[in-house]
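Remarks on the overall topology
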Amino acid sequence: MKKLTAGILAHVDAGKTTLSEAMLYHCGMIRRLGRVDNRDAFLDTEDMERKRGITIFSKQALLRYKDMEITLLDTPGHVDFSAEMERSLQVLDYAVLLISASDGVQGHTKTLWRLLERYRIPTVLFFNKMDQQGTDQTLLLAKKEALLAESRELTGGGVVDFSRPDTEDFYENIAVCEEAVLERFLESGAIEQKEIAGLISERKLFPCFFGSALRMEGVAELLEGLLCYTEERSYQKDGAFAARVYKISRDKQGNRLTFLKVTGGSLKVRDELQGRMPGEEDALWREKVTQIRSYSGEKYDTADSAEAGGIYAVTGLSYTMPGDGLGEEKGAILPVLEPVLTYQVYLPEDVQAAAALLLLRQLEEEEPQLHIIWEEKLQEIHVQLMGQVQLEVLQNMIKERFRMAVDFGPGNIVYKETIADVVEGVGHFEPLRHYAEVQLRLEPGEPGSGVQIGMDCSEDVLDKNWQRLILTHLEEREHKGVLTGSVITDIRITLTGGKAHLKHTEGGDFRQATYRAVRQGLMQAEPVLLEPFYEFVLEIPAKMVGRAMTDIERMQGKITAPEISGIRAYLRGRAPVACLQDYQREVAAYTKGQGHLSCQPGGYAPCHNTAEVVEKIGYDPDMDTDNPSSSVFCAHGAGFLVPWYEAPSYMHVESGIKAQKGETGQIEERIRLRQEERDKDRESRVAIGTEEIDAILAGASHANSRPGGSGRKWNAKTKRRAEGSGFSSKSGGEQEGVSGKTLKYGAEKVRETGKRKERKKEYLLVDGYNIIFAWEDLKEISEVSIDGARGKLLDILCNYQGMRQCEVIAVFDAYRVKGHDTEMLDYHNIHVVYTKEAETADQYIERFSHENGRKYDVTVATSDGLEQIIIRGQGCRLLSARELKTEIDYYSQNLRTDYLDRMGGGKRYLLDGLEEKVREGMEQGGGFPGGSS
C-alpha cells in the first residue's frame, strides 16, 4: 500500500477544513459531514477554533483510498498562524494548495508558494468554490482559464488542468514541462504515468483540479489524481533511527506530546533518545520514549513502534522543540516567518513573574510563532507574535489552561538592524592564563538573507579546529545591534584572522573573543535600522480610491496602479507594519464596512523614522554589559579592559582588511565623532533623587502588574527622568551620574521597605593566584617558590577568617594537571579548592557564584576585570586585590588597637602572645579563644 503524508494549505476562508472533511467522508473515515459554521468539523477539535471558525492548530487525520494511505495535515490559513503552518511543511511528501475561485491568488497564497519552493514540496492545486460561479458553462470555462493563467503567473509555468485528461492538448501541455519528455512524446504520442509522477515529484509539473468541497464536487478526481500521479518516498527502514519534530502539544491530561515524522529506521517504546538542551551548546539530554501514539482527529491508537514514513506523537520527551532533528536527522530547521509585533504582559497582582514565565514557556513550545522574552533589567515579560488575532487567542489560552487573566500593553514593533559599510571587527580575550584573538569582516548582505557566516583565513594563521570553533560561536546566538539593541540581520560575517596560545587557550576564550569582535565591528560600522513591512491588498469601492491612495502615501507605503473591476477597486502595495497595523479599522469606517484589507509579512526594509525610534528606545550600547564591545588584555598578572575604539591598536595580529585610499581616515573620523557623542551624552546626565529611586524600586517590584495596579507609581515625568539617568558598571563599584549619598539613601529605602530576612551565611571566595600576582610581597616570594607564596597567602587568610568570622574559600588552578579531579581540603579554619582538569579558578568561582549567589552572602576577591563583570551579574559583592589587602590590614590594626586599649595601653610584647593564642584557636577550629571577637 502506498503511504503519503500530504498537507492542505490555503489563505483564510478558502475552505481547507471543508475539503479535509470531504476527503475523509468520501473515503468512509467519518460517517457524517461536519461543517465549520456548524462547529462540528472533525478536525476542529479546540473550542476556540469552533467559536472563531478558523483553524489555529495543525491537525492530522488518517484516510485510506483504494491502495493508498494518506496522513492528512490540515494547517492554519490565517496569516497570524503562518508559523504553525510552516512547521508542518517540514514533514510533508506532497501539498495541496487550495485557492478560492471567487478570490483567486491572494497575497498570502504567494507567501505559501514561496515556502513550498523553499522546502521543495511537490504541489497539487485545487480551485475551490467553483459552484459560486453559476451554471453557465461558457462563464465557467472562462473563469477556469482566468484561474489557470493566474496560477501560471504564480508558479512560473507548469500548471496543467488534470480535471480534463481526455482533451487533445492534455499530454502536450505536460510534455512541454521537460525537454526529454517532449522528445519521447513527439516520437510515441504518449506519456507514461510514471513519467508524469516523476515530473510532479521534481516540481516541474503542477496538476490542477476544480470543484466545490462543500458540495463534494471534484473531491473524487483529486483523490484519484493523488493515487495515480504520486510516488511514495523511499526510506531506509532497516537503517539507523531518524526523525524530524514538527510540533509540540499537550493532551487533556497535561502529557507533553512530541509530534514527529520518522525518516529512517524505527522507534520502539522505551528506546532512549538524546539531543542538545535548548539554549545550551554543550549540554545533552537523554530520555526514554514512554508511549507512541498515532492520531486521527482527537482519537489516537497506541503502537509498539514507529515506522519510517509515519507521523506519530510520542510521550516522555521534555526538551524537544519544533524543527529539531532526532537520531540521524541532524540539525534544526529555522523558520522563515517571524513575529513582527511585541507586547508587554501585565500579570494579576497575586501572580509572581517567575511562576508565570514557566507557564508561558509551555505555550512557547507549542506555538512556534510565539516568542516569550524575559527582560532581566526591567523584570518584565514580553511576547512577540504575528498579529492581533493571535494575541486574542493567546489571552484565551492562558485564561483557560492556567486560570490566569492577563492583559497586554500597547503593541510595539520588532525592529532589526544591519550595517551599510564594510568594517573589520576585532576581539581579544586575555585575562590571566587565558588567550584568544579574533578578526572578522562584517559586510552588508542582501535583503532577507539573514546572517551569513564564512571563512577566509589560512590555516597557517589559525588552526582549522579553532576556526570551526569560532564559526560555531558566531552561529550559536543572536547578536544585538548598537542602535536599539535589536537583533542583527542581512549581514555577512567572515573570519579573516585570529590567534591562539599553545598553553593558555581554552574553548571558552574564543567564545568571548568572537562575541567582542562582532560587537566591536558593529560599533565601527554605519548602522541601519530595519522595520517589518506588510504586503497588502486593499479592496474598496472604486469611488474611494483617491482617499485610500492618500492614506497609503501618508503611511510611507508604495502601491501599483489601481485595478478597477466594476464598482470595486483593488490596491496592491507595501507599507511599514507600524503604519498599517491599525488601518483595517479605519478602512471599515470610511467605507462603511465595504472595504477589506489583507496583509501578509513582506520582510524587513530600512525604517522610515529611524531617529524617532532610536530616541524612544534610548538604548546605550556602552551600558549593555551582556554584550561588551571592549577587549580584555593582560598586564602585571591581571586582565584589563580596552574600549572598542582603542582595541585595534592593541591587537597582536595584523589587520586582515586592506582599506582603500581615504577609507581608513573616514573610519577613524567616524569613531572619533561617535565617541564625542557618547561623552556628551554622559556629561548631560544628571543625578536622580530619592523620589526617582523610590519610583524605580516600585516599578521593579510590580513590573508585570496591570497599569493602575497597587504597585505602579510611574508617571511620565518620573519615567523620563529615570530613563535619562546613567547607571554604569565601573570597577570599584563607582556609579556615573549618581552620588554616593543618593545610593546610600536608596539602599536604606530598600532595607526599610523590604521584608526582614534572616542574615545570610557569608562566603569569601579568593582567586588565589590572581591575588598572589597582584600583591607585591607575595609576587616576590612566588618568583622564588610558588608553593611558598601560596602558603603565605593561606596563613594570611586564616588570620582574616579568625577576625572576620566568615567562610573563606581559596581557589587555585589545577586545570593543567592531567586527570586531576576537583580537590577540596581544609587548611586550619579555611577551605582550599584545587580545580579539576580543564577548569580554571575563574570558572569554578563563576559556577559557585551562579549556584549560590542568591542563597548566600557571597563576596569574591579578584582583580580580573572580566571576572568582576560576570560575578557582579550573579548578585555577588566584589573586592579587588588592593581592597582585600586594605581590609585585612584594617582588621589587623583594629585587633591590635582594641587589645592595647583593653589592657590600659599595655605592653607591646603582649601582642605576640595574643597572636599566638589566635593561631591556637584557629587550629582547634574556632576563632578567638573563648569565642569572643
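For the structure itself, consult the block above.
Bear in mind that the values here come from a model prediction, so they are computed numbers and not experimental data.

1. Let's talk about empty space enclosed by the protein
For the structure on display, the rule yields three cavities of 30 Å³ or more. Space inside the largest cavity adds up to approximately 70 Å³. Taken together, Arg477, His479, Lys480, Tyr515, Val518, Arg519, Leu522, Asp626, Asn627 and Pro628 make up the full set of residues lining the largest cavity. Split by residue class, the lining of the largest cavity holds four nonpolar, two polar and four charged.

2. With respect to the sheet that holds strand β38 (residues 823-827)
Reading across the sheet, the six strands line up as β38-β39-β37-β36-β40-β41 and stay open at both edges, with mixed pairing between neighbours. The strands lining the two open edges of the sheet, one partner per strand, are β38 and β41 (877-879). For this sheet, the mean inter-axis angle between neighbouring strands, taken without regard to orientation, is 25°. As defined by bridge partners, strand β36 (residues 762-767) adjoins strand β40 (residues 857-861) across five bridges and the pair is classed as parallel. Within the sheet, the bridge partner assigned to Tyr763 lies in β40 and is Val858. Across the sheet, helix α25 (residues 786-804) touches β36, β37 (807-812), β38 and β39 (830-834), and the angle it forms with β37 is around 165°. Its contacts with the sheet put helix α26 (residues 841-852) on β36, β37, β38, β39 and β40, and the angle it makes with β36 is roughly 165°.

3. A look at unusual backbone geometry
Backbone geometry places Arg120, a non-glycine residue, at a positive phi of 55°. When you line up the elements, Arg120 lands in the loop between α4 (107-118) and β5 (123-128). On the accessibility criterion, Arg120 (54% relative accessible area) is exposed. The phi dihedral of Lys129 is positive, around 65°, even though this residue is not glycine.

4. Some points on the side chain of Arg293
With respect to the helices and strands, Arg293 occurs in strand β13 (residues 291-296). Judged by relative accessible area, which is 4%, Arg293 ranks as buried. With residues near it in sequence (within four places) discarded, Arg293 still touches Asp251, Asn255, Leu257, Tyr300, Asp301, Thr302, Tyr312, Ala313 and Thr315.

What counts and how
Residues numbered from 1 in each chain as written. Predicted model: local features only at pLDDT ≥ 70, side-chain atom pairs only at ≥ 80, totals over all residues. Heavy atoms only, no water. 1 Å grid on protein atoms, 1.4 Å probe; cavity = no way out; pocket = protein on both sides within 12 Å on 5 of 7 lines; lining within 4 Å. Points joined across faces, edges and corners; volume = space filled by probe spheres on them. Nonpolar A, V, L, I, M, F, W, Y, C, P; charged D, E, K, R; others polar. Pairing = 2+ DSSP bridges. Helix = DSSP H or I, 4+ residues; strand = E, 2+ residues; numbered from the N terminus. Axes fitted to C-alpha atoms, helices over the stretch in contact; angles between N-to-C directions. Contact = heavy atoms within 4.5 Å. Buried < 20%, exposed > 50% of the residue type's maximum accessible area, 1.4 Å probe, protein only.

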